[in-house]
Every structure is written in structure tokens, then in C-alpha cells.
Amino acid sequence: MIDFNRPPFVGKELDYIKQAVDFGKLCGDGEFTKRCSAWMRDKFQVSHVLMTTSCTHALEMAAYLCDLKPGDEVILPSYTFVSTADAFVLRGAKLVFVDIHPETMNIDETKIEAAITEKTKVIVPVHYAGVSCAMNEILDIAKKYNLKVVEDAAQGVNAYYNGKALGTIGDFGCYSFHETKNYSMGEGGALVFQKDEYLEAAEILREKGTDRSKFFRGQVDKYTWVNYGSSYLPSDMNAAYLYAQLEMADEIDKKRHAIYDYYDKKLRPLAQAGYIEQPYVPEYASHNAHMYFIKTKDLEERTKLIQYLREKGIWSVFHYIPLHSAAAGLKFGRFHGEDVYTTKESERLMRLPMFYNLEMDKVEYVAQCILDYPEFNK
Ligand SMILES: *Cc1c(COP(=O)(O)O)cnc(C)c1O
């Protein structure tokens, strides 16, 4: 049985969780949370890192900080996880979906401008599979129309655009440390940003509407309720698990790339013969091997191949059902322009097993089973 995913485990996690317990402060912003934040600030060259309970919550915070009013519009791809949309729907915003590039499955930046109205406030590029969107073009549009950019970098932790860490390029970046992501704390995330002007509001929002962070820094002598807010701080136990992984980030990255490269090389003959398509990484992107996907001819072939692999003991999965075709998508949004690729490409894509602790002989077995698939050997 080869699982599609297992939470990464590098070795020191339990040690660090015990240390967190011994420190005697298990709530938010404890020692390990501070270490994780500092590590990211340094590695990703970003001014502010606020750890959160999930990427979904980081996106919610970003939506609050963009100061959206009901009826404001947000431009995003329809090919993404529901959280990208939920965060903005909760603020009463209207979703405007645009088509994707078929090669990267990222938002097609050339379709954004036509979707802008006087209500548009935010563009949300989603860095699918940790492969960067065309950020310069997106930033140019945002500047021209005075829009904010919220990067959904849930899959893009430790991936880069022209040398810049994903998530640190727009106004806000949102990371995920869910167990399915490259670096994990079970459930968790982070909101990152460069501008100091967002800090105070972000801290208050994350701390139940209080200025508790200022209090801990000694900037005020008691903390009080100053605005609306929620509780988005993860426990230091979870941060302890993550810190063990961040310390080993290079190893995790190396292993994932080894799996990615093996699949990519081994399956190339099938792509050359026209049976499948393989991922494409633009020049400007340096990805993090978050996932390895292939595309089959159509939906029917994908269903059959997934079934065939399951019979071989291999779990391969597909995603996403385009948001604009889901019940909530119809209610909260509209698709601007023509859906040329979103639906068609989403029906062809399947993901192969990929996680840090996956043994290479299993990776070889998966690739060999696909090479041996009878339909690809006619
Ligand atoms: C995983 C993921 C999320 C949600 O992350 P959580 O930490 O589980 O909330 C959001 N957007 C994308 C694109 C994702 O892949």
C-alpha cells in the first residue's frame, strides 16, 4: 500500500514538543513559535511573520486587513482550494474567477485586467504546486488600478519567483503547514508581509482585538480591547513540531526534488509519445517540489488510470472541482470571460504519491506501474 501523503517526520519533533512542555508556555507566541517566525523572516527575507492556526486563517486575516466591504470584488482563479475563496466571502466580497494557464494551472495574468471593475479591491494569485504565478505582471496591474495582492502561497513555502520567496512579493502572503504540505505542524499557517504599516492591525486582529502584543513588548502597560478580532494563534506544541522541520528544510526540499525528478525523468517517454502531459516550470520560477502531477488525455482515462493504480496498491488523487461550478461558487461569484482551460485541465490532472518519508523504491514502483499501464503500451 503506497499512501498518497503522510505527514512529514524528520526526527526531532517529539524532543521539541517535550521542550515546549518544559518551557511551561503552551499558548501562542511561545519559544518555538518565535523560533519558527525568526527562521522564516531570515530565510524568506520578509519583515513580518505571524504564525496562525491555518492558511485558511491567514487568508481570513489578509481579507480583513484589505478592508473589504460587502460588494467589493476579488479576482482569483477558479482552480484552487476552497479556502482561497472562503476568506473573502466571509467579508461579503464577490468572487470574480478568471481562467488559468494550462501549463502551470496558475491564474492567467493576461485575463485579469478585463475582469476589473470599480468594485475590484484585491487580486489573489495562487501559486499552484509551489510554482510561481507571473508576479511582475500581476503587481503592475495591481499598481495601475490601486489593488491589493494577497498571495495564496499555501503550497509555495520555500519556493521562489526570480529569487524572491513566494508570499513575500504582494501585500500579504499566506502559508500552510497542514500535514499535506512540505513543512508541517499538523494544522497551521502563517501570514507574512513586508510593510510595517500592517503590523499593528494584524497583531490586534490575531489577539482577539487586543493590543496584547504591544503589552508583551512593553510598549503599553496594560492590554485592552481596541478593535474587533479573533484568535488565530497556534499552540507552541504545534510550532515545536514545525521547528524540527524548518531546521531540516534543505533535506526535506532535497528529498522532494529527488522524487519529483525521478517521476519526471522516468515518465518522459510517455509524454514524448503523447500519452500524458508533465508539469511545466517557467524560467522565473524555482519550485519546491510540492507535488508531482500528470495529465491524461481526458477525464475517462484519468478515472481508469487512478483505478488501475489503486489495484496496484497506489493512491493517486485528483483535485480541484473548479469553484465556479460548485454550489457556493455560483452563489458568491461569477466567471469572467471564457472557461477555456479551468474545467478541461482540472479533469485531466492527477497527483502521484509525494511526501518526505516516501522511500525511493516505492517511487520507482509507482513510475514503473504507470509505464506498464496497458493503454500506454498499445
Ligand atoms: C492547503 C491549501 C490551503 C489551506 O491551507 P490550510 O492550512 O489547510 O488552511 C489554501 N489554499 C491552497 C491553495 C492550499 O493548497
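Residues numbered from 1 in each chain as written. Predicted model: local features only at pLDDT ≥ 70, side-chain atom pairs only at ≥ 80, totals over all residues. Heavy atoms only, no water.

**Quick look at the side chain of Asp236**
We count it as follows: In this description a helix means any DSSP run of H or I spanning at least four residues, a strand means any run of E spanning at least two, and both kinds are numbered starting from the N terminus. Relative accessibility under 20% of the residue-type maximum defines a buried residue, over 50% an exposed one, and the middle range a partly exposed one, all with a 1.4 Å probe and only protein chains included. Under this rule, positive means Lys or Arg and negative means Asp or Glu; His and the chain ends count for nothing. In what follows, salt bridge is the name for a side-chain nitrogen of Lys or Arg lying within 4 Å of a carboxyl oxygen of Asp or Glu. What makes two residues a contact is simply this: any of their non-hydrogen atoms within 4.5 Å.
Summarising the element assignment, Asp236 is placed in helix H8 (residues 236-247). At 7.5 Å, Lys25 is the nearest oppositely charged side chain to Asp236, a buried residue that forms no salt bridge. With sequence-adjacent residues up to four places away left out, Asp236 is seen in contact with Ala20, Lys25, Leu26, Cys27, Gly30, Glu31, Phe32 and Thr33.

**Let's talk about a nonpolar patch on the surface**
Stated precisely, the cut-off is as follows: Patches draw on residues past 30% relative accessible area with no salt bridge. Two like charges within 9 Å are joined, as are two nonpolar side chains (Val, Leu, Ile, Met, Phe, Trp, Tyr) within 5 Å. Areas reported as accessible are Shrake-Rupley estimates using a 1.4 Å probe. Residue values count occlusion only from the protein chains shown.
Residues Val21, Leu26 and Met237 make up a contiguous nonpolar surface patch of roughly 220 Å² in combined accessible area. Topologically, Val21 is positioned in helix H1 (residues 13-23). The partly exposed category is assigned to Val21, whose relative accessible area is 44%.

**A closer look at the sheet that holds strand E6 (residues 160-161)**
So the rule is basically this: Strands qualify as paired when DSSP identifies two bridges or more between them.
Reading across from one edge, E7-E6-E10 is the order of the three strands in this open sheet, with antiparallel pairing throughout. What marks the edges here is a single partner per strand, and that holds for strand E7 (164-165) and strand E10 (285-286). Note that E6 and E10 share two bridges and pair antiparallel. Across the sheet, residue Tyr161 finds its bridge partner in E10, namely Ala285.

**Looking at the state of the cysteines**
Condition: Working definition: a disulfide is two cysteine sulfur atoms within 2.5 Å of each other.
Going through the model one piece at a time under the given rule, you end up with zero disulfides. Here Cys55 stays unpaired: no disulfide links it, and the sulfur of Cys174, its closest cysteine neighbor, is 5.3 Å away. Sulfur of Cys66: no disulfide; nearest cysteine sulfur belongs to Cys174 and is 9.0 Å away. Take Cys66: its relative accessible area is 7%, and that puts it in the buried class.

**Regarding the pattern of salt bridges**
Under the defined criterion, the tally for this structure stands at 23 salt bridges. One salt bridge connects Asp108 with Lys111, and the closest N-O pair in it is separated by 3.4 Å. With relative accessibility at 7%, the residue Asp108 sits in the buried group. A relative accessible area of 32% places Lys111 in the partly exposed class.

**Structural notes on the sheet that holds strand E2 (residues 73-77)**
To keep it simple, the criterion reads: Between the N-to-C directions of two axes lies an angle of 0 to 180 degrees, each axis being a line fitted to C-alpha atoms and, for a helix, fitted only over the stretch in contact.
The strand order across the open sheet built from eight strands is E1-E9-E8-E5-E4-E2-E3-E12, with neighbouring strands paired in mixed fashion. Here the strands that pair on one side only, and so sit at the sheet edges, are strand E1 (48-52) and strand E12 (333-335). Across the sheet, the mean angle from the axis of one strand to that of its neighbour is 25 degrees, orientation sign disregarded. Across the sheet, helix H5 (residues 135-145) is in contact with strand E4 (120-123) and strand E5 (148-152); its angle to E5 comes to roughly 150 degrees.

**Quick look at the nonpolar core**
Our working definition: Residues belong to a common nonpolar core when they are buried Ala, Val, Leu, Ile, Met, Phe, Trp, Tyr or Cys residues joined through side-chain atoms within 4.5 Å.
Membership of the largest hydrophobic core comes to 49 residues, with the highest contact counts inside it found for Met40, Phe44, Ile112, Tyr175 and Phe177. The element that contributes the greatest number of residues to this core is H8, accounting for six residues. With residues up to four places along the chain from it excluded, the contact list for Met40 reads Gln45, Val46, Val49, Met51, Tyr175, Phe177 and Ala190. Formed by 34 residues, the second largest nonpolar core is a distinct cluster that contains Leu68, Val89, Leu205 and Tyr232.

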